[in-house]
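Understanding the architecture of this molecule
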Amino acid sequence: MSKLENSEILQPALLDILKELHSQYKSLKEGVVANYIPELAKVNPDLFSICIVTTDGQIYEVGDFQQLFTIQSISKVFVYGQALADHGRDYLLTRVGVEPTGDAFNAIILDEQSKRPYNPMVNAGAIATTSLIKGKGATERLNRLLEMYRRYIGKDIFVDISVFTSERSTGHRNRANAHLMLNFGMIDQNIEESLDLYFQQCSVMVNCRDLAVMAATLANKGINPITQEQAVDTCYIKDILSVMYTCGMYNFAGEWAYKVGIPAKSGVSGGIIAVVPGQMGIGVFSPLLDTRGNSVRGVKVCEELSQRLGLHLFDCALS
Ligand code: GLN
């Protein structure tokens, strides 16, 4: 029996918990919205939503769960899965490591010895990962990523052109990372095309429910629990969840693993996904960020959900 069933949380009680957490943390106004991407600075900082989708397809949601926002770094998880599917684990490991950095998500660094970016969850590693997405030219590569998102979400999604152009015209750190990798022969010559694809994958529009469905798909062996479509081969789930667990929350990943204890990924627009394997996907959206680029309310909500539902993977007290 799973922990969730064990803890006898009845379905209405789960919604009640979400409502309680939403009203408790609505008044928390700490943090600032991301402003290094000018378009993101325009967001309403009060937006706040929480959604849980279980692996048997039940949906629990509160707050502004219809509100669209750009997925940003949460995309890195799914594009990593696509790169694994395109090239396999062994080849991917030669191009991108799986080691946490302890540095900021946008740090301009590579592993000294191997010249690989540290992991696919930080910007350098994500750009390298995106550069490996197969396809004949920019349009086919973008269409393959949009099709990948469709499998995870269960509907067509679109790139927000103003966020994309805003990122593209200001993403000099990302460009610096790409040039550093080009210098060491870690990505191919066509870096502008890969950078565009990276900025586009970050600029697709999702809502909080979409995030939870995507997370629930990872929790459900790669099968979307609403549409039953296989979004990614089950054999790659352990690779994806492992790097989320150790690297998904950047230089907060260790504390997150200790306190919350489930694989997760955040993005600078204020989204967080968290995955409870075999049980559920969690999505939280609130644009106010801490200094590491993680949603302040999102972290609080996940900490509390983990405690109250007994979600920590290593919590033997509840098994
Ligand atoms: N598109 C953003 C960037 O490259 C993603 C960063 C993030 O969400 N942490 O800077």
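Provided above is the structure to which this section pertains.
Since we're looking at a predicted model, the values are computed, not measured. (Residues numbered from 1 in each chain as written. Predicted model: local features only at pLDDT ≥ 70, side-chain atom pairs only at ≥ 80, totals over all residues. Heavy atoms only, no water.)

1. What to know about the nonpolar core
Put simply, the rule is: We call a set of buried Ala, Val, Leu, Ile, Met, Phe, Trp, Tyr and Cys residues a nonpolar core when their side-chain atoms join them within 4.5 Å. The buried label applies to any residue whose accessible area, calculated with a 1.4 Å probe on protein chains only, is under 20% of its type's maximum; exposed applies above 50%, and partly exposed to all values in between. By definition, any uninterrupted DSSP run of H or I lasting at least four residues is a helix, any uninterrupted run of E lasting at least two residues is a strand, and each is numbered from the N terminus.
Core analysis: the biggest nonpolar cluster contains 64 residues, and I71, F78, Y152, M181, L218, I240 and M244 have the highest contact counts within it. Ranked by the residues each element gives to this core, the list is headed by helix α10 (residues 208-219), at nine residues. If you look at the next biggest cluster of nonpolar residues, it comprises 30 residues, including Y25, I52, V62 and V260.

2. Considerations on the pattern of salt bridges
Two side chains of opposite charge can pair, provided their charged atoms sit close to one another. We apply this condition: Any carboxyl oxygen of Asp or Glu within 4 Å of a side-chain nitrogen of Lys or Arg constitutes a salt bridge here.
If you walk through the whole model with that rule in mind, you get 17 salt bridges. A salt bridge links E193 to R141; the nearest nitrogen and oxygen atoms lie 2.9 Å apart. Residue E193 is located in helix α9 (residues 191-202), and its partner R141 is located in helix α6 (residues 137-153); the two are separated by 52 residues in the primary sequence. The salt bridge involving E303 is made with K259; its shortest N-O contact spans 3.9 Å.

3. Describing the site of the ligand
Rules: Here a residue is considered near a molecule or strand provided that any single heavy atom belonging to it is located within 4 Å of it. A 3.5 Å cut-off defines polar contacts: any pair of N or O atoms within that distance qualifies, except that in protein one atom must be a possible hydrogen donor and the other a possible acceptor, and neighbouring residues in sequence count only when both atoms are side-chain atoms. Here the Shrake-Rupley method, with its probe set to 1.4 Å, supplies the accessible areas, and only the displayed protein chains count as covering residues. Under the grouping applied here, Gly and all other residues not named as nonpolar or charged are polar, the nonpolar ones being Ala, Val, Leu, Ile, Met, Phe, Trp, Tyr, Cys and Pro and the charged ones Asp, Glu, Lys and Arg.
Looking at the ligand, the residues that line it are Y36, Q72, S73, F105, N123, E167, N174, Y198, C202, Y250, G267 and V268. Residue Y198 places a side-chain N or O atom 2.7 Å away from an oxygen atom belonging to the ligand. Here a nitrogen atom of the ligand sits 2.9 Å away from a polar atom, N or O, in the side chain of Y250. Taking 300 Å² as the accessible area of the ligand by itself, protein coverage stands at 99%. Residues of the shell around the ligand, tallied by class, amount to six nonpolar, five polar and one charged.

4. As for α6
Cut-off, in case you're wondering: Given the number of residues in a helix, its expected span is that number minus one, multiplied by 1.5 Å. In what follows, residue pairs with any heavy atoms lying within 4.5 Å of each other are defined as contacts.
Compared with an ideal rise of 1.5 Å per residue, which puts 17 residues at 24 Å, α6 spans 25 Å between its outermost C-alpha atoms and is within 8% of the ideal. The inward-facing, buried residues of α6 abut α3 (75-87), α5 (123-131), α9, β4 (205-206), α10 and α11 (237-247). At the exit of α6 stands G154, carrying a positive phi of roughly 90 degrees.

5. Focus: the state of the cysteines
Put plainly, a disulfide is one covalent bond tying together the sulfur atoms of two cysteines. Put simply, the test is: The disulfide criterion is simple: two cysteine sulfur atoms within 2.5 Å.
Applying the stated criterion across every chain yields a total of zero disulfides. Looking at the unpaired C202, the closest cysteine sulfur is the one in C247, lying at 17 Å. Accessibility expressed as a relative area gives 1% for C202, which makes it buried. There is no disulfide at C208, and the cysteine sulfur nearest it, in C51, is 5.6 Å away. C208 sits in the buried class, given a relative accessible area of 0%.

6. Quick notes on the environment of R308
You can see R308 is positioned in helix α13 (residues 296-309). The class for R308 is partly exposed, based on a relative accessible area of 34%. Setting aside anything within four residues of it in sequence, one finds R308 in contact with I17, E20 and L21. In terms of polar contacts, R308 uses its side chain to reach the side chain of E20, at 2.9 Å.

7. Observations concerning the packing of aromatic side chains
This is how the line gets drawn: Between the rings of Phe, Tyr and Trp (Trp by its six-membered ring), a pair exists once the centres lie within 6.5 Å; its type follows the angle of the planes, with under 30 degrees stacked, over 60 edge-to-face, and the other angles tilted.
Under the definition given, this model contains six aromatic pairs. Here the aromatic rings of F69 and F285 are separated by 3.8 Å at their centres, their planes lie at 5 degrees, and the arrangement is stacked. Of this pair, F69 sits in strand β3 (residues 69-70) while F285 is found in strand β7 (residues 280-285), placing the two residues 216 residues apart along the sequence. Aromatic pair F105 and Y250: ring centres 5.2 Å apart, planes at 40 degrees, arrangement tilted. Taken together, the residues F105 in the loop between α4 (89-95) and α5 and Y250 in the loop between α11 and α12 (253-259) connect sequence positions 145 residues apart. Residue F105 is classed as buried on the basis of its relative accessible area of 9%. On the basis of relative accessibility, which here comes to 4%, the residue Y250 falls in the buried class. Taken together, Y36, F105 and Y250 form an aromatic cluster joined through their ring pairs.

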